[in-house]
There are 2 protein chains.
Amino acid sequence: MTLYFNLAELLGSRIEQGLYRPGQRLPSVRALSVEHGVSLSTVQQAYRLLEDNGLVSPRPKSGYFVAEDRLLPALPDISRPAQRPVDISQWEQVLELVRATPHPDVIQLGRGMPDVDSPTLKPLLRSLAQISRRMDMPGLYYDNIHGNAHLREQIARLMLDSGCRLGPSDLVVTTGCHEALSCSIRAVCQPGDIVAVDSPSFHGAMQTLKGLGMKALEIPTDPITGISLEALELALEQWPIKLIQITPSCNNPMGYIMPEARKKALLTLAQRYDVAILEDDVYGDLAYTYPRPRTLKSFDDDGRVLLCSSFSKTLAPGLRVGWVAPGRYLERVLHMKYISTGSTACQPQLAVADFIAEGHYQPHLRRMRSQYQRGRDLMCDWVTRYFPPGTRASRPQGGFMLWVELPESFDTLRLNRALLEQGVQIAVGSIFSASGKYRNCLRMNFAARPTAQVEAAVRKVGETALRLLDAERTGG
Amino acid sequence: MTLYFNLAELLGSRIEQGLYRPGQRLPSVRALSVEHGVSLSTVQQAYRLLEDNGLVSPRPKSGYFVAEDRLLPALPDISRPAQRPVDISQWEQVLELVRATPHPDVIQLGRGMPDVDSPTLKPLLRSLAQISRRMDMPGLYYDNIHGNAHLREQIARLMLDSGCRLGPSDLVVTTGCHEALSCSIRAVCQPGDIVAVDSPSFHGAMQTLKGLGMKALEIPTDPITGISLEALELALEQWPIKLIQITPSCNNPMGYIMPEARKKALLTLAQRYDVAILEDDVYGDLAYTYPRPRTLKSFDDDGRVLLCSSFSKTLAPGLRVGWVAPGRYLERVLHMKYISTGSTACQPQLAVADFIAEGHYQPHLRRMRSQYQRGRDLMCDWVTRYFPPGTRASRPQGGFMLWVELPESFDTLRLNRALLEQGVQIAVGSIFSASGKYRNCLRMNFAARPTAQVEAAVRKVGETALRLLDAERTGG
Ligand SMILES: Cc1ncc(COP(=O)(O)O)c(C=O)c1O
Ligand SMILES: Cc1ncc(COP(=O)(O)O)c(C=O)c1O
């Protein structure tokens, strides 16, 4: 896959950077083949990938053009967090988000919830029910501390797609990716240690660092290529960093996929400074392209990457089935797992294992990938249409989250409060920063099948933002 | 309940202490009524309770006698751990125990597994299956961070039996009692803090202290009345103890129920020295007497007790449904819960809530209580019959564990290794100590319905111990 994928990435980033403008004709297949020394079919594959991603469109007999049918919001700039280790705040805002019980009168654009209504999930429910009906249900027993062996085999098999060669004994099943993250951090770090993080970054991981007494060092991050390696290297020079915590594939909240070359470079950097990497891959299987992007872990030859994931985003979060491949930290992670929950609920593990083994996982993913990609396109359109002029937005390459940036002075906490009265909840930007930055940003979920109701909710967000901005400008 | 229960406790402890000998006649109902200023029927209730516990037997027309039909092993002495804060060891031994996957060829006498084959559990399986069959299954969603509201209502109702008045919002659902313990410890303590524990003590709690970087101060503990308040007070004088961690009702591993007066005195002590108490009540509902003993929490008037429990011992551990009532530490516990697992698997919560709400919990408990009491009697008989002379054993008042003490020099690690070849596993004593004491002790599970196979396994333990002891004596 690598050749055409790399070429597509290169062309894609040129388009994103504005080197080719919307509507402009792109180099011919033959020209690119000569320029890059690859076959014609490789170039064609690359163009097809870009087409799948909505970046280019073919015109019969005239070649490929930069897609112009959709006006996209401008990209946010590379983030500029405070580049020193800080104590983490924002628990109150996170608590407000996670305390919310699903309620039919509130449209939840804030939470990281996948669509669980897909018919492709039916075999999972069937399997859960079948397991429960058995009186000798193995789900009643304490599980082995590694987790169910059958499930671990299936996970090892799935991870081949990400370039990882793992055996079942390299894996530890956890209660969601949350537990994978906290066990991994505790396996590597002591309280007071400094952890480098991409920024913005998943609030749960940030709160975990807080709760465990670590300091976070937020690294500038590009909305297309991910964490700045240059800034990271400077930070590694300057601070005794113990761990790099990162979501390189289908990042939450920004949705980028770090290019493969940068993934390799990141690993080299980690080796040079001898730090561990926590790779959060919870959205990795939801990349809009297939095969899915490679993990950092797949390039790791000395066991320094702890790969954390779960089925919360691909199947359903209520199952709480996650896992970690902790590399050289396996023994420590096992201890941390044992003390944090003893073992993981069994029945959901068994059901997920059946679901994968019976071949239901890939068809389900296929469907979700294309649903989410359509969701992204619609959400981008709605932001263009309903949000204040000048609003910027991320360009997700996977997953189901859009990151939206409003003018610098804007306060999304106030926006969220105004929205709650209208039955809409968003995730405020400040929870994605250790130090409460990104107050002018917000994250919205586009997992649900798009309905008029969802569109109305997004419209409310945009119009309320506009109203607050106007009030601000007129000093009201 | 208090009057007759207290009287039974008093008489029971006199018997246990040898004030009345086996076969000896006990004071008449009338005499006790006068002596203690209680009604005749109160005394009769007390005697009936003692009879249920196998301590006394009535003889028609002649009154009550100390039961003599069963020869019981002598009680262990009060424990004598090192009375200074220590770093905790023994992870390797614990790992060996929890790594074991259930295997038909190995009789597991070591793990804390209840009997999950009881027909009274059927409605739980039915409910699990019913929930799974629904396509809009709420079990697929992220749960509220407090846990399912319906379940919390049911737990609050159950805890009335232990004297606690709790509302659903006082509770946080956790992934087993394990998570309740680790969240509680982290909510109260910082790494390096000293935690006082009863000794011997549940290995999971001990390993949690280890993993979180705490020091354990093991307090001498009596096999009938529990933690020595005198020793605890001395320790509180001498060391800056942050937390007292204790399993006062149906203790693991010893099975005692701390008398109510001592529970109150413990709480007064904690108030005087202003320390928090972590009360592990995971076996509390399995006391052989009904109503169940009161919790420390029920006497707590300033929110210093964190009450931790789960349905792992009463229903089934594979469900991983636990909970904590953290008192004044609620907010901190919520944060720790969020970072440790995000939320708890939903479907098992819903099924447990249904099971309780539909009235299946108490009948199930009744059945298990009497099964386990019979199990205890048989296990004690087997120890008397098959174990080396001089073997001592605990006198469990609830739960399904027996603590067995062999001569001082004996090494149960060696015993366990010899037994594994014979398809039997026990829990070695050293894991119940922070510092690897109790090497001459072991814990056996008597939850399973007693079969010839189980008896043969216990016999193997006893005879192998005898063989090893003989070899030791003859220097072989
Ligand atoms: C990047 C990232 N990691 C981890 C998690 C937690 O996943 P889980 O629900 O499996 O604990 C989330 C969920 O929001 C996430 O977005
Ligand atoms: C005293 C005690 N507390 C807590 C636990 C852990 O319970 P759970 O399986 O619910 O995590 C056990 C189980 O062995 C136990 O014996």
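Here, every reference points to the structure presented above.
Residues numbered from 1 in each chain as written. Chains lettered and ligands numbered in written order. Predicted model: local features only at pLDDT ≥ 70, side-chain atom pairs only at ≥ 80, totals over all residues. Heavy atoms only, no water.

Undergrad: Would you mind going over the pattern of salt bridges with me for this structure?
TA: When their charged atoms lie close together, side chains carrying opposite charge are able to pair. Tallying each qualifying case throughout the model produces 32 salt bridges over all chains. With its nearest N and O atoms 3.8 Å apart, the salt bridge here joins A:Glu230 to A:Arg262. Placement of the pair is A:Glu230 in helix H9 (residues 229-238) and A:Arg262 in helix H10 (residues 260-272), with a sequence separation of 32 residues. A residue is classified by how much of its surface remains accessible, and A:Arg262, at 21% relative accessible area, is partly exposed. Of the charged contacts, one joins B:Asp302 and B:Arg328 as a salt bridge, the two residues approaching to 3.7 Å between their closest N and O atoms. (Salt bridge = Lys/Arg side-chain N within 4 Å of Asp/Glu carboxyl O. Helix = DSSP H or I, 4+ residues; strand = E, 2+ residues; numbered from the N terminus. Buried < 20%, exposed > 50% of the residue type's maximum accessible area, 1.4 Å probe, protein only.)

Undergrad: What is the right way to look at the relation of the copies chain B and chain A in this model?
TA: Look at the two chain copies: a rotation about an axis and a shift along it is all it takes to match them. Once chain B has been moved 0.0 Å along the axis and rotated by 180°, it coincides with chain A to within an RMSD of 0.1 Å. What we have between these two chains is a two-fold relation. Looking at the rotation axis and the C-alpha trace of chain B, the residue lying nearest is B:Ala129, at 2.1 Å. Of the interface residues in chain B, 98% have counterparts in chain A that sit at the interface too, so the contact is made through matching surfaces. (Least-squares fit on C-alpha atoms with pLDDT ≥ 70 in both. Contact = heavy atoms within 4.5 Å.)

Undergrad: Sorry, what's going on with the packing of helix H7 (residues 176-188) of chain A against helix H11 (residues 330-341) of chain A here?
TA: Residue and element names in this part refer to chain A. Here H7 crosses H11 at 125°, and the two axes come no closer than 8 Å. Here H7 lies oblique to H11, going by the angle between them. Considering only the axes of H7 and H11, their crossing is right-handed. Of H11, the residues touching H7 (which contributes Glu179, Cys183, Ser184, Arg186 and Ala187) are Arg332, Val333, Met336, Lys337, Ile339, Ser340 and Thr341. Grouping the amino acids of the contact of H7 with H11 by side-chain chemistry returns five nonpolar, three polar and four charged. (Axes fitted to C-alpha atoms, helices over the stretch in contact; angles between N-to-C directions. Parallel < 35°, antiparallel > 145°, perpendicular 65-115°, else oblique. Left-handed = near helix turned anticlockwise from the far one by under 90°. Nonpolar A, V, L, I, M, F, W, Y, C, P; charged D, E, K, R; others polar.)

Undergrad: Looking at this model, I keep getting lost on the pairing of strand S17 (residues 441-445) of chain A. Mind explaining?
TA: Remark: a regular strand shows side chains that alternate across the two faces of the sheet. Counting buried positions along S17(A) yields five of five residues, so the element is predominantly enclosed. Here S17(A) shows two buried faces, one formed by A:Cys441, A:Arg443 and A:Asn445 and the other by A:Leu442 and A:Met444.

Undergrad: Could you clarify how one ought to interpret the site of ligand 1 in this entry?
TA: By nearness alone, 13 residues border ligand 1, and A:Asn252, A:Asp280, A:Ser310, A:Ser312 and B:Tyr142 come closest of all. More than one chain reaches ligand 1: the nearby residues come from chains A and B. Side-chain polar atom of A:Asp280 to a nitrogen atom of ligand 1: 2.5 Å apart, as the coordinates give it. A distance of 2.7 Å separates an oxygen atom of ligand 1 from a polar atom in the side chain of A:Ser310. Protein chains shield 97% of the accessible area of ligand 1, which is 400 Å² for the free molecule. With three residues, the single largest contributor to the shell around ligand 1 is H7(A). Grouping the constituent residues of the shell around ligand 1 by class yields five nonpolar, five polar and three charged. (Near = heavy atom within 4 Å. Polar contact = N/O pair within 3.5 Å; in protein donor to acceptor, adjacent residues only side chain to side chain. Areas by Shrake-Rupley, 256 points an atom, 1.4 Å probe, with all protein chains shown as cover.)

Undergrad: Please clarify how the site of ligand 2 should be interpreted in this entry.
TA: In the region of ligand 2, 13 residues are neighbours, and A:Tyr142, B:Asn252, B:Asp280, B:Ser310 and B:Ser312 sit closest. Around ligand 2, the nearby residues trace back to chains A and B. At 2.8 Å from an oxygen atom of ligand 2 is found a main-chain nitrogen or oxygen belonging to B:His178. Here an oxygen atom of ligand 2 and a side-chain polar atom of B:Ser310 are 2.7 Å apart. Burial of ligand 2 by the protein chains amounts to 97% of its free accessible area of 390 Å². It is helix H7 (residues 176-188) of chain B that provides the largest number of residues to the shell around ligand 2, a total of three residues. Its residues assigned to classes, the shell around ligand 2 comprises five nonpolar, five polar and three charged.

Undergrad: Help me understand the nonpolar core, please; the structure alone is not making it clear to me.
TA: Considering soluble globular proteins, one finds that nonpolar side chains tend to be buried as a cluster. Residues A:Phe311, A:Met444, A:Val461, B:Phe311, B:Met444 and B:Val461 are the most contacted members of the largest nonpolar core, which totals 246 residues. Discounting chain neighbours no more than four positions away, the residues touching A:Val461 are A:Leu109, A:Phe387, A:Leu415, A:Leu419, A:Val424, A:Ile426, A:Leu442 and A:Met444. (Core = buried A, V, L, I, M, F, W, Y, C linked by side-chain atoms within 4.5 Å.)

Undergrad: What's the story with the environment of A:Pro317 in this structure? I'm lost.
TA: Take A:Pro317: it is sitting in the loop between strand S11 (305-310) and strand S12 (321-325). Separated by 12 residues in sequence, A:Pro317 and A:Tyr329 place their C-alpha atoms 26 Å apart. Discounting residues that sit within four places of it in the chain, A:Pro317 has contacts with A:Met113, A:Pro114, A:Val116, A:Ser312, B:Leu140, B:Tyr141 and B:Tyr142.

Undergrad: Looking at this structure, I do not really get the sheet that holds strand S10 (residues 276-280) of chain A. What am I missing?
TA: Backbone-to-backbone hydrogen bonds join strands into a sheet, with any given pair of strands oriented parallel or antiparallel. All names here are of chain A. Strand order in the open sheet made by the seven strands is S4-S12-S11-S10-S9-S5-S6, with mixed pairing throughout. Each edge of the open sheet is held by one strand with a lone partner, namely strand S4 (172-175) and strand S6 (215-219). Each strand axis lies, on average, 25° off the axis of its neighbour in the sheet, ignoring direction. Where strand S9 (residues 241-246) meets S10, four bridges bridge the pair, whose relative direction is parallel. Opposite leucine 243, over in S10, you have alanine 276 as the bridge partner. (Pairing = 2+ DSSP bridges.)

Undergrad: Even after reading the chapter, I still don't get the packing of aromatic side chains, so can you show me in this structure?
TA: Residues and elements named next belong to chain A. A full pass over the atoms with the stated rule returns 14 aromatic pairs over all chains. Between tyrosine 372 and phenylalanine 400 the ring centres are 5.0 Å apart and the planes differ by 65°, which places this aromatic pair in the edge-to-face class. Here tyrosine 372 is found in helix H13 (residues 361-386), whereas its partner phenylalanine 400 is found in the loop between strand S13 (392-393) and strand S14 (401-405), with 28 residues between them in sequence. Each member of the pair, tyrosine 372 as well as phenylalanine 400, is classed as buried. Taken together, a centroid distance of 5.3 Å and an interplanar angle of 80° make the contact between tryptophan 403 and phenylalanine 432 edge-to-face. With a gap of 29 residues between them, tryptophan 403 in strand S14 and phenylalanine 432 in the loop between strand S16 (427-428) and S17 connect regions that are remote in the sequence. Given a relative accessible area of 0%, phenylalanine 432 falls into the buried group. (Phe/Tyr/Trp six-rings, centres within 6.5 Å; stacked < 30°, edge-to-face > 60°.)

Undergrad: When you look at the interface of chain B and chain A in this model, what are you seeing that I'm missing?
TA: In many analyses, interface size is given as the accessible surface area lost on bringing the parts together. Contact with chain B, which involves 66 residues of that partner, is made by 65 residues of chain A. Buried area between chain B and chain A, summed over both chains or domains, comes out near 5600 Å², and the portion from carbon and sulfur atoms is 63%. Between the two partners, chain B and chain A, sit zero salt bridges. The tally of links from chain B across to chain A stands at 19 residue pairs in polar contact (both at pLDDT 80 or more). Looking at the side of chain B that touches chain A, the element that brings in the most residues is helix H11 (residues 330-341) of chain B, giving eight residues. For the side of chain B that touches chain A, a count of residues per class yields 29 nonpolar, 24 polar and 13 charged. (Buried area = accessible area lost by both parts, 1.4 Å probe.)

Spatial relationships are all this shows, so hold off on functional conclusions.
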